Amino acid sequence: MRDSHLQDFYTFLRFPSISTDDAYSEKLGECAHWLVEKLNGIGLEAQRVSTPGHPVVWAKNKHQPGRKTVMLYGHYDVQPPDPLELWDSPPFEPVLKNGYVYARGATDNKGQILAHILGIQEVMAEHGDLPVNLHLIIEGEEEIGSNNLPGFLKEHRAALKCDVAIVSDTGMIARGVPTLSYGLRGVTACEVKVTGAKMDLHSGVFGGAVANSVTALARLLATLHDENGRVAIDGFYDDVKPLEEWEREAWRKLPIDGDKEILAETGAPALFGEKGFSTLERLWARPTAEINGIGGGYQGKGTKTVIASHAMAKLTFRLVPNQDGDAILKLARKHLEKHRPPGVTMEITDGHSGPWYLTDPHSTFGRAAQHALKEAFKAEVALIREGGSIPIVSQFRDILGVETLLLGLALPNCRAHSPNENFPLENLEAGIKMNKAILQEVGAGGP
Ligand code: BES
Ligand code: MN
């Protein structure tokens, strides 16, 4: 690894580009500015495009007629690093340990973007140009649902005309196993707030006379699943496309023991989920309802004899083909209203939403991607779907009319969204090779 590559990685990681917290807006702007400078420095024409939210970075080479046009996409925003006390080193002060760089965003998504940038840099340095026409789009709002990116894509639809999109923001099934993902789950969010009394009450004076908002919320949330982990919302599974036998068979043959690895990585005492499906099937092809956060009542030290006025929970649903996010939110709302316990009022607020994605890994571009992966990692390529979501990918199809190749570099133990997120330099290096190879493959018109 060249020292300048490592320095670029550290500089990129030092920006606390936390998109969900407005207190960091300026830092996102600084990070976008650094990217623009870096991209101009390697011979692209880069600009920072303002949006109602965080800016988009857009870089191009000189386009020439008769060449394929590739759009690379990634995000420079990161998830909040909390809880800070669980990090072994500060999240925005990258450190290298045993070949792994530790920092928030190391894998998701800065390391993977840098692999694009440095791959391009090396090709430009060697040949003075790329074998393709390039658009590189790096946004700052992926972790909060990419709300302003569809507007950007629509506004610049003609200028962004391309043949294929390439994204490195997904996983590899194991170290050294190149992985092409041909599906993503979608996600849709809402928040529910339950209110009892107009203020917090003395639980001795009023306990037994009025409903407790926290108890009511707990009862309500408990109705979301049955005891076997199946979502109990009426109609929730109606549009789910059943898994096909070839896919189940292919996933059984993958060179990993999903159960063992997930137990080891998570430290959970046992696996749990919908009956009748393997762990990988539950992750990649089945929908879920998750409670991501819950609050209400006294959280401080010691005891406080109080009946809280409010309680709230944040929910998300992971979606699979052919579920529709808006329809699922409607079903969820109906379910919550039907099961609202007596004595409380309830308010439901819809949040962000992004569709699932499914494409053909054996298309011409899909095969080009498999070649590039094989060449970079010198190993057989695994074809998988993913449990995570990248909301904008389905819009690349809807707005720009292109399919997306998901060439991820995230390892199962990368700790994305968790404390001690990390990225191995080995993958930065392989990622650079992979990017050089895919540009070459697509430029040559596919395999
Ligand atoms: N890189 C992830 C998505 C991902 C993770 C794909 C693992 C495949 C495997 C992305 O940055 C992400 O976290 N997306 C969010 C989107 C949400 C906030 C709308 C997600 O999946 O929770
Ligand atoms: Mn993420």
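Everything below is about the structure shown above.
Bear in mind the structure is a predicted one, so any value in this text is a computation, not a measurement. (Residues numbered from 1 in each chain as written. Chains lettered and ligands numbered in written order. Predicted model: local features only at pLDDT ≥ 70, side-chain atom pairs only at ≥ 80, totals over all residues. Heavy atoms only, no water.)

A. Broad picture of the coordination of the manganese ion (ligand 2). Those protein atoms acting as donors to the manganese ion (ligand 2) are Asp-108 (OD), Glu-143 (OE), Glu-143 (OE) and His-417 (NE2), and they sit at 2.0 to 2.7 Å. What the six donor atoms of the manganese ion (ligand 2) show is an angle range of 53 to 157 degrees at the metal, which sorts the shape as irregular. Counting along the primary sequence, the residues that act as donors to the manganese ion (ligand 2) give the motif D-x34-E-x273-H. With Asp-108 in helix α3 (residues 106-127) and His-417 in the loop between β17 (404-407) and β18 (422-424), this pair connects stretches of sequence that are 309 residues apart. (Donors = N, O, S within 2.8 Å, 3.2 Å for Na, K, Ca; no water. Tetrahedral: all angles 85-135°; square planar, octahedral: opposite > 155°, others 65-115°. Helix = DSSP H or I, 4+ residues; strand = E, 2+ residues; numbered from the N terminus.)

B. Here's a closer look at helix α9 (residues 325-338). If you check α9, its first and last C-alpha atoms are 20 Å apart, about what 14 residues at 1.5 Å a residue would give, namely 20 Å. For α9, the full list of buried residues reads Gly-325, Ile-328, Leu-329, Ala-332, His-335 and Leu-336. Axial view of α9: buried residues confined to an arc of 125 degrees, hence all on one face. Among the exposed residues of α9, those oriented more than 90 degrees off its buried face are Asp-326, Lys-330, Lys-334 and Lys-338. Lining the buried residues of α9 we find β9 (186-195), α5 (213-222), β13 (310-319) and β14 (345-354). (Expected span 1.5 Å × (residues − 1). Buried < 20%, exposed > 50% of the residue type's maximum accessible area, 1.4 Å probe, protein only. Arc of directions from axis to C-beta. Contact = heavy atoms within 4.5 Å.)

C. A look at the site of ligand 1. Near ligand 1, the surroundings consist of 14 residues, among which Glu-142, Asp-169, Arg-318, Ser-389 and His-417 are the closest. Contact distances for ligand 1 include 3.1 Å between an oxygen atom and a side-chain N or O atom of His-75. Between ligand 1 and the protein, one listed contact pairs an oxygen atom with a side-chain N or O atom of His-417 at 2.9 Å. Within the complex, the protein chains bury 84% of what would otherwise be the 510 Å² of accessible surface of ligand 1. Of the residues in the shell around ligand 1, the class split is two nonpolar, six polar and six charged. There are two domains that each give the shell around ligand 1 at least three residues, and those are domain 1 (3-184 + 356-443) and domain 2 (186-240 + 287-353). (Near = heavy atom within 4 Å. Polar contact = N/O pair within 3.5 Å; in protein donor to acceptor, adjacent residues only side chain to side chain. Areas by Shrake-Rupley, 256 points an atom, 1.4 Å probe, with all protein chains shown as cover. Nonpolar A, V, L, I, M, F, W, Y, C, P; charged D, E, K, R; others polar. Domains from an automatic or database assignment.)

D. The arrangement of the pairing of strand β7 (residues 164-167) in detail. Residues Val-164 and Ile-166 of β7 are buried on one face, and the alternating residues Ala-165 and Val-167, pointing to the opposite face, are buried as well. Relative to β7, strand β3 (residues 69-75) runs parallel, the two sharing four bridges. When the sheet's bridge partners are listed, Val-70 is paired in β7 with Val-164. Direction of pairing for β7 relative to β17: parallel, over a ladder of three bridges. In the sheet register, Val-167 faces β17, and the bridge partner there is Leu-406. (Pairing = 2+ DSSP bridges.)

E. Broad picture of the sheet that holds β18. Taken together, three strands build an open sheet; the order of strands is β4-β5-β18 and the sheet is antiparallel. Each of the sheet's edge strands pairs with one partner strand only, and the pair in question is β4 (95-97) and β18. Strand-to-strand twist of the sheet, defined as the mean angle between neighbouring strand axes without regard to direction, takes the value 30 degrees. Bridge analysis of strand β5 (residues 100-102) against β18 gives three bridges, and the strand direction is antiparallel. Counterpart to Tyr-102 in the pairing with β18 is Asn-422. Strands in contact with helix α1 (residues 3-14) are β4, β5 and β18; relative to β5, the strand with the most contacts, it is inclined by about 25 degrees. (Axes fitted to C-alpha atoms, helices over the stretch in contact; angles between N-to-C directions.)

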